[in-house]
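# Examining the three-dimensional arrangement
Okay, here's what each chain looks like letter by letter:
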Amino acid sequence: MQLMMTLTAAASIIVTIDGPAGTGKSTVASSLARRLGLEFLDTGAMYRAIAWRALTSNIDPRDTVAVTELALASTLRFDWKVDPPELFIDGVACGDAIRTPAVTAAVAIVACNADVRRAMVRQQRAIAAAHPRLVTEGRDQGSAVFPDATVRIYLDAAPEIRAQRRSEQLSAKGVHVDAAEILQSIVSRDASDRARSEGPLVRPEGADVVDTGGLDVERVVDALEVIVRRHARAIHELPTLGTRSTDEDETP
Ligand code: DC
């Protein structure tokens, strides 16, 4: 029994990816998880699910008491057998309904609710206890939710680079927005994310920092993979990670 517990504990690998909006955290986190054979925890989707459920239940996202009750009463579960993982709220699949502009606007309010955050953090830790081989992404994951994670990464990029990427994404969708306006909204979002009292955006002490400026998604994932393998080697967990042909000794 003792031996089994030791092996199980040693097989746990939690990789956290924090960073400001627009650094591509979700995309690289899910790609990294796939490469390494780990599960991907999309914590933004959890906040979105609560916001979506509030909207469909005619609850005003600003009604902190009602939204808190909803968050405390809701069970969130991921199905990792499908790719990308599907999130269920009380057994109902969220699908793309949590990605609409209305939900995006509502979630910005819901994610500032301290009690909702506490409920989400509790569920995130419970998910990690049941699925201890995870890449988890969100601005508070390494700093607040999993401060003892095996690997903590902070993705960064200059606001101008993030604005440029955002502008390219919007142009690709046929939406043309003034570049200066996008930059201004990124700068003010950074400031409010850093200033908020619950789960503020901070660089976790001791985290590996990766500046994604000038790197495409594949190169960022390459850099993260090198970091994770370096840490995994240190705790003798390298053999339990997925394999690919990358030179493991390459520095990012
Ligand atoms: O990454 P995303 O756009 O899906 O996140 C949705 C919202 O939730 C966004 O307003 C940021 C917020 N969020 C948060 O406050 N803490 C997290 N761990 C993840 C997301």
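Residues numbered from 1 in each chain as written. Predicted model: local features only at pLDDT ≥ 70, side-chain atom pairs only at ≥ 80, totals over all residues. Heavy atoms only, no water.

## Brief notes about the pattern of salt bridges
Summed over all chains, the structure comprises 16 salt bridges. Asp208 is the salt-bridge partner of Arg230, the closest N and O atoms lying 3.9 Å from each other. Here the residue Arg230 occupies a position in helix H10 (residues 217-234), and Asp208 occupies one in strand S8 (residues 208-211), the gap between them amounting to 22 residues. Judged by relative accessible area, Asp208 falls into the buried class, the value being 17%. (Salt bridge = Lys/Arg side-chain N within 4 Å of Asp/Glu carboxyl O. Helix = DSSP H or I, 4+ residues; strand = E, 2+ residues; numbered from the N terminus. Buried < 20%, exposed > 50% of the residue type's maximum accessible area, 1.4 Å probe, protein only.)

## Remarks on the site of the ligand
The environment of the ligand is made up of 14 residues, and the closest members are Thr43, Arg48, Arg117, Asp140 and Arg196. Contact distances for the ligand include 3.0 Å between a nitrogen atom and a side-chain N or O atom of Thr43. One nitrogen or oxygen atom from the side chain of Arg48 is found 2.8 Å from an oxygen atom belonging to the ligand. For the ligand, whose unbound accessible area comes to 450 Å², protein coverage reaches 86%. The greatest single-element share of the shell around the ligand, amounting to 4 residues, is contributed by helix H3 (residues 43-56). Across the shell around the ligand, the residue classes break down as 3 nonpolar, 4 polar and 7 charged. (Near = heavy atom within 4 Å. Polar contact = N/O pair within 3.5 Å; in protein donor to acceptor, adjacent residues only side chain to side chain. Areas by Shrake-Rupley, 256 points an atom, 1.4 Å probe, with all protein chains shown as cover. Nonpolar A, V, L, I, M, F, W, Y, C, P; charged D, E, K, R; others polar.)

## Observations regarding the sheet that holds strand S7 (residues 151-156)
Strand order in the open sheet formed by 5 strands is S2-S6-S1-S7-S8, and the pairing between neighbours is parallel. Two strands close off the open sheet at either side, each with one partner strand: strand S2 (39-42) and S8. Across the sheet, the mean angle separating the axes of adjacent strands is 20° when strand polarity is ignored. Bridge count for strand S1 (residues 13-18) against S7 is 4 bridges, and the pairing is parallel. If you follow Val15 over to S7, its bridge partner there is Val151. Here H3 sits on the sheet in contact with S2 and strand S6 (133-137), set at roughly 40° to S2. (Pairing = 2+ DSSP bridges. Axes fitted to C-alpha atoms, helices over the stretch in contact; angles between N-to-C directions. Contact = heavy atoms within 4.5 Å.)

## Re the nonpolar core
If you look at the biggest cluster of nonpolar residues, it comprises 37 residues, and the most contacted ones within it are Ile50, Leu76 and Met120. Those elements that provide at least two residues to this core are H3, helix H4 (64-73), strand S3 (76-79), strand S4 (86-89), helix H5 (101-110) and helix H6 (114-130). Per element, the largest residue contribution to this core is 8 residues, and it comes from H3. Setting aside residues no more than four positions away along its own chain, Ile50 makes contact with Val67, Leu70, Ala71, Ser74, Leu76, Ile89, Val110 and Met120. Within the second largest apolar cluster, 24 residues are counted, among which are Val28, Val135, Val220 and Val228. (Core = buried A, V, L, I, M, F, W, Y, C linked by side-chain atoms within 4.5 Å.)

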